[in-house]
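Notes for the structure review
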Amino acid sequence: MVRDFFRYPAFRLRFTPGAVNLRWHCRTPFPFGVSYQDPMSPSSHYIPALDGLRAGSILLVWLSHAWLGHLVPGGLGVTVFFFISGYIITRLMLREYGETGHLDIRAFYGRRFLRLMPALCVFVLAGSVVLACVDGRVPLLDLAAALFYFSNYWTIGGHFADGVLISPFSITWSLAVEEHYYLVFPWLFVMLAPRGAWLVRCILALIGMVLLWRFALVALDGPDILVSRRLYMGTDTRVDSILYGAAFALLAHARPGLIDRLAKPMPFLVGFGLLLFTLVYRDVFFREVIRYSVQGIALACMFAYLVFGRGVLTRFLSSGPMTYIGRISYSLYLYHWLVFVMVDAWLGGSPLWMRMAVMAAGSWIAAHLSWRYVERAGTRLRGMLLG
């Protein structure tokens, strides 16, 4: 499969003001002039099961933070989020290039800004009000870490100021990892997509390099790094989880039959077995160094069956409740943590069921309001300004 992908010849790159044009020269896995569509979803660019998979991810994170972290793998939810993000953004880039023959970098960043920043700004404002009322102060550098996407390294450095409340802004660490990735990936796409095979070669090489870098950090810094947040939250140590999703999108686009072959029970069961192994094998070196790579491979095996299959799991992920949770998942990810820190501070001694009930109600109300009145407003504005 990968060998066939690499056989395609390269083509030229032409730059024009305001956009980057990838001009067709010969046969290539990224032809323009045709609309990019996923196999098994021929009539629509929207894939309901993707929202359902997002829902599963945020529910893992929510349950883990709802005092069930000893039972529920919340970190896996973040890894699945990363994989989905890498897949979707690469798919959108391929579609834009396939339809227009170019990738508009300015429009890409404009869309990302209007997709993410309105809800993030309102969340930071809400968190600041809570901190001001409870702690009597709002750490400005913590706000900057959240708004300017360096909160993962701010957390690693132990800089978030925890007072009466745990910092509500520390949850933005995963957003920082994604945005660091998107500062680089569009330019990588522009430079290497004209060469066809070189783009996927580069991504696969980067996946391997990130794994080796985790090994190197343990060798350089010693075993203490295994119990720190450095490997879990660093962009340089977690970006491969996004790259796996990007690589899957590229290979699925180059080989249309790939999705159909993987959307069968056997690849799914292999992936599920690998994923289960990463959860039950508790060796600390494996968990902090190798686990993310194995989970990326497992998700690649499972993804087609879950998202494009015709079985009960795909129907469940495509159901109304799951797609709804998926649509509000960004706001739910932000606000569930704000609600958690308040419940943990003020109702910490209450029974677990009461804390979970209050957290569930507060998280849902805040996330729904944010999605309906903030995220959708950003989407409308994005449509008016960027199409």
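The sections below set out a description of the structure shown in this document. (Residues numbered from 1 in each chain as written. Predicted model: local features only at pLDDT ≥ 70, side-chain atom pairs only at ≥ 80, totals over all residues. Heavy atoms only, no water.)

A closer look at a nonpolar patch on the surface
Taken together, the side chains of M266, L269, V270, L274 and I297 present a nonpolar region at the surface, about 440 Å² in accessible area. Broken down by element, the residue count for the nonpolar patch peaks at 4 residues, all from helix α13 (residues 265-280). By the secondary structure assignment, L269 is in helix α13. (Patch = residues over 30% accessible without salt bridge, like charges linked within 9 Å, V, L, I, M, F, W, Y side chains within 5 Å. Areas by Shrake-Rupley, 256 points an atom, 1.4 Å probe, with all protein chains shown as cover. Salt bridge = Lys/Arg side-chain N within 4 Å of Asp/Glu carboxyl O. Helix = DSSP H or I, 4+ residues; strand = E, 2+ residues; numbered from the N terminus.)

Section: unusual backbone geometry
Even without a glycine there, the phi angle at W67 is positive, about 65°. By secondary structure assignment, the location of W67 is in helix α2 (residues 48-68). For W67, a relative accessible area of 18% translates into the label buried. One non-glycine residue, Y149, lies in the positive phi region at around 60°. Of note, Y149 is situated in the loop between α5 (140-147) and α6 (151-156). For Y149, a relative accessible area of 14% gives the class buried. (Buried < 20%, exposed > 50% of the residue type's maximum accessible area, 1.4 Å probe, protein only.)

What about helix α7 (residues 173-192)?
The end-to-end C-alpha distance of α7 is 29 Å, a good match for the 28 Å that 20 residues give at a rise of 1.5 Å each. Bending of α7 peaks at approximately 30° at the position of Y182, with proline P186 no more than four residues after it. For α7, a buried count of 16 out of 20 residues is recorded, marking the element as mostly surrounded by other parts of the structure. (Expected span 1.5 Å × (residues − 1). Bend = angle between axes of the 7 residues up to and from the residue.)

Thoughts on empty space enclosed by the protein
Overall, the coordinates contain 2 cavities of 30 Å³ or more when judged by the stated rule. Roughly 40 Å³ of volume is contained in the largest cavity. Along the lines of polarity and charge, the residues of the lining of the largest cavity split into 7 nonpolar, no polar and no charged. In this structure, the second largest cavity spans a volume of roughly 30 Å³. Surrounding the second largest cavity, L131, D135, R137, P139 and A161 form its lining. Classifying every residue of the lining of the second largest cavity by side-chain character gives 3 nonpolar, no polar and 2 charged. (1 Å grid on protein atoms, 1.4 Å probe; cavity = no way out; pocket = protein on both sides within 12 Å on 5 of 7 lines; lining within 4 Å. Points joined across faces, edges and corners; volume = space filled by probe spheres on them. Nonpolar A, V, L, I, M, F, W, Y, C, P; charged D, E, K, R; others polar.)

Re helix α11 (residues 240-254)
Under the 1.5 Å per step criterion, the end-to-end length of α11 is 21 Å for 15 residues, consistent within 8% with the ideal 21 Å. Across the 15 residues of α11, 15 count as buried, placing the element largely inside the fold.

Quick look at the packing of aromatic side chains
In total, this model carries 26 aromatic pairs according to the counting rule given. On the numbers, 5.3 Å between centres and 50° between planes, the contact of W67 with F340 is tilted. Highlighted residues: W67 in helix α2 and F340 in helix α17 (residues 329-346), separated in sequence by 273 residues. When sorted by exposure, W67 lands in the same class as F340, which is buried. One aromatic cluster in this structure is built from F108, Y109, Y181, Y182, F185 and F189. (Phe/Tyr/Trp six-rings, centres within 6.5 Å; stacked < 30°, edge-to-face > 60°.)

Description of the nonpolar core
L120, F123, F189, I203, F248, F303 and V307 are the most contacted members of the largest nonpolar core, which totals 114 residues. In terms of residues, this core owes the most to one element, helix α3 (residues 74-100), which gives 13 residues. In this structure, L217, V218, I225 and L226 belong to the second largest nonpolar core, which totals 6 residues. (Core = buried A, V, L, I, M, F, W, Y, C linked by side-chain atoms within 4.5 Å.)

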